[in-house]
Amino acid sequence: MENNDFVFRKSSAMEETLVLNHLKEMFGSKTIQSLSNGNLWIKEGKIKEVFLIPEEQEKIILKLSGEIYYAGTPIGSIVENEFQLEIEGSSLILPFTNNKIKIKTSQFLYGKHIFVENLESYSYNFDKGDYLIILGKNNLHYGIGKAEIGAKDIDKAKQNTILVKGLKDKPLDRGWYLRRGN
């Protein structure tokens with residue numbers, strides 16, 4: 001496959017299992033309900049981007065004869081046989097999981113870290129390494145991140161301790177659309 005080539009196709013059973021297992025394992029079994037209205041498709045190029053396409057739209061796509069570049073909602077990527085949930089995917093599962101934190105600042109939207117002093121509240125006792133959906137002012141969905149410390153360590157943490165690392169070059173926060181999104 002050349003660098004500019006890509007294929008937009010239905011996901012394989014193995015890819016679908018990979019995505020579903022990740023969601024169940026990291027965010028709870030209820031999260032797979034968020035995918036119940038559609039099917040997973042893959043845009044395979046340099047990386048494998050995963051899209052959720054509603055069944056009605058899928059019927060139309062299957063009738064098209066030309067190349068399809070993009071359809072549905074991008075929910076994440078498969079890199080080295082691991083699924084990485086991204087901005088829109090985390091938005092879809094938001095009503096189906098407790099893995100949420102609310103923060104007092106918008107710095108995460110700039111790809112910056114979230115420090116413990118910026119934490120307003122959290123909805124479950126997460127552990128280091130757990131994935132968290134980040135909410136901001138007025139419960140706006142900011143994105144997704146990985147906990148650098150567990151909830152039990154927050155009260156003991158020193159100021160400027162990183163709770164969630166911001167990543168400027170990965171589509172994990174809504175500000176990414178302005179920084180990098182095409």
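Going by the structure above, here's the rest.
Structural notes, computed from the coordinates. This structure is a prediction, so every number in the text was calculated from the model and none was measured.

**Comments concerning the pattern of salt bridges**
For step 1, the next point in the chain: Across all of its chains, the model carries 10 salt bridges by this definition.
For step 2, the next point in the chain: Residues Lys10 and Glu58 are paired through a salt bridge, measuring 3.7 Å at the closest nitrogen-oxygen approach. Here the residue Lys10 occupies a position in strand β1 (residues 7-10), and Glu58 occupies one in helix α2 (residues 55-63), the gap between them amounting to 48 residues.
For step 3, the next point in the chain: Exposure remark for Lys10: the relative accessible area of 44% places this residue in the partly exposed category.

**Considering unusual backbone geometry**
For step 1, the next point in the chain: Although it is not a glycine, Asn138 sits at a positive phi angle of roughly 60 degrees.
For step 2, the next point in the chain: Look at Asn160: it is not a glycine, yet its phi comes out positive at around 70 degrees.
For step 3, the next point in the chain: Along the chain, the position of Asn160 falls in the loop between β10 (141-146) and β11 (162-164).
For step 4, the next point in the chain: Classification of Asn160 as exposed rests on a relative accessible area of 53%.

**Side note on the nonpolar core**
For step 1, the next point in the chain: Counting residues in each nonpolar core, the largest one holds 19 residues, and the members touching the most others are Val19, Leu23, Phe27, Val50, Ile75 and Phe83.
For step 2, the next point in the chain: Breaking this core down by element, the ones donating at least two residues are α1 (13-27), β2 (38-44), β3 (48-54), β4 (73-79), β5 (82-85) and β9 (131-135).
For step 3, the next point in the chain: Filtering out sequence-adjacent residues up to four positions away, Phe83 remains in contact with Leu18, Val19, His22, Leu23, Val50, Ile75, Gly76, Ser77 and Ile78.
For step 4, the next point in the chain: Ranked by size, the runner-up nonpolar core spans 16 residues in total, among them Ala147, Ala151, Ile154 and Leu163.

**Quick look at the environment of Ser106**
For step 1, the next point in the chain: Residue position: Ser106 is located in the loop between β6 (100-103) and β7 (114-115).
For step 2, the next point in the chain: In this structure Ser106 comes out as partly exposed when scored by relative accessible area, which is 31%.
For step 3, the next point in the chain: Expressed as a C-alpha distance, the spacing of Ser106 and Val50, which sit 56 residues apart in the sequence, is 27 Å.

**Remarks on the packing of aromatic side chains**
For step 1, the next point in the chain: Under the definition given, this model contains eight aromatic pairs.
For step 2, the next point in the chain: Centre to centre, the rings of Phe51 and Tyr70 are 5.0 Å apart; their planes meet at 80 degrees, and the pair counts as edge-to-face. Separated by 19 residues along the polypeptide, Phe51 in strand β3 and Tyr70 in the loop between α2 and β4 bring together distant segments of the chain.
For step 3, the next point in the chain: Taken together, the aromatic side chains of Phe8, Trp41, Phe51 and Tyr70 make up a single cluster linked through ring pairs.
For step 4, the next point in the chain: The side chain of Lys43 reaches across the aromatic face of Tyr69, ending 3.3 Å from its centre.

Conventions we followed
- Residue positions are given per chain, counting from 1 as you read along its sequence in written order.
- In keeping with the model being predicted, local features are shown solely for residues with a pLDDT of at least 70 and side-chain atom pairs are shown and tallied solely at 80 or more, while totals for entire chains, interfaces and linings include all residues.
- Computation of side-chain values: all heavy atoms of the structure, hydrogens and water removed.
- Just to be clear on terms, a salt bridge is a Lys or Arg side-chain nitrogen sitting within 4 Å of an Asp or Glu carboxyl oxygen.
- A run of H or I in DSSP counts as a helix once it spans at least four residues, and a run of E counts as a strand once it spans at least two, with each numbered from the N terminus.
- Note on exposure labels: buried denotes an accessible area under 20% of the residue type's maximum, exposed denotes more than 50%, and partly exposed covers the range between, all computed with a 1.4 Å probe on protein chains only.
- Nonpolar core, defined: a set of buried Ala, Val, Leu, Ile, Met, Phe, Trp, Tyr and Cys residues in which side-chain atoms within 4.5 Å join the residues together.
- Residues count as neighbours in contact if any of their non-hydrogen atoms are within 4.5 Å of one another.
- Within 6.5 Å between ring centres, the rings of Phe, Tyr and Trp (the latter by its six-membered ring) count as paired, and their orientation is classed by plane angle as stacked under 30 degrees, edge-to-face over 60, tilted in between.
- Both a distance and an angle decide whether a charge sits over a ring: NZ of Lys or CZ of Arg must be within 6 Å of the ring centre and within 35 degrees of the ring normal.

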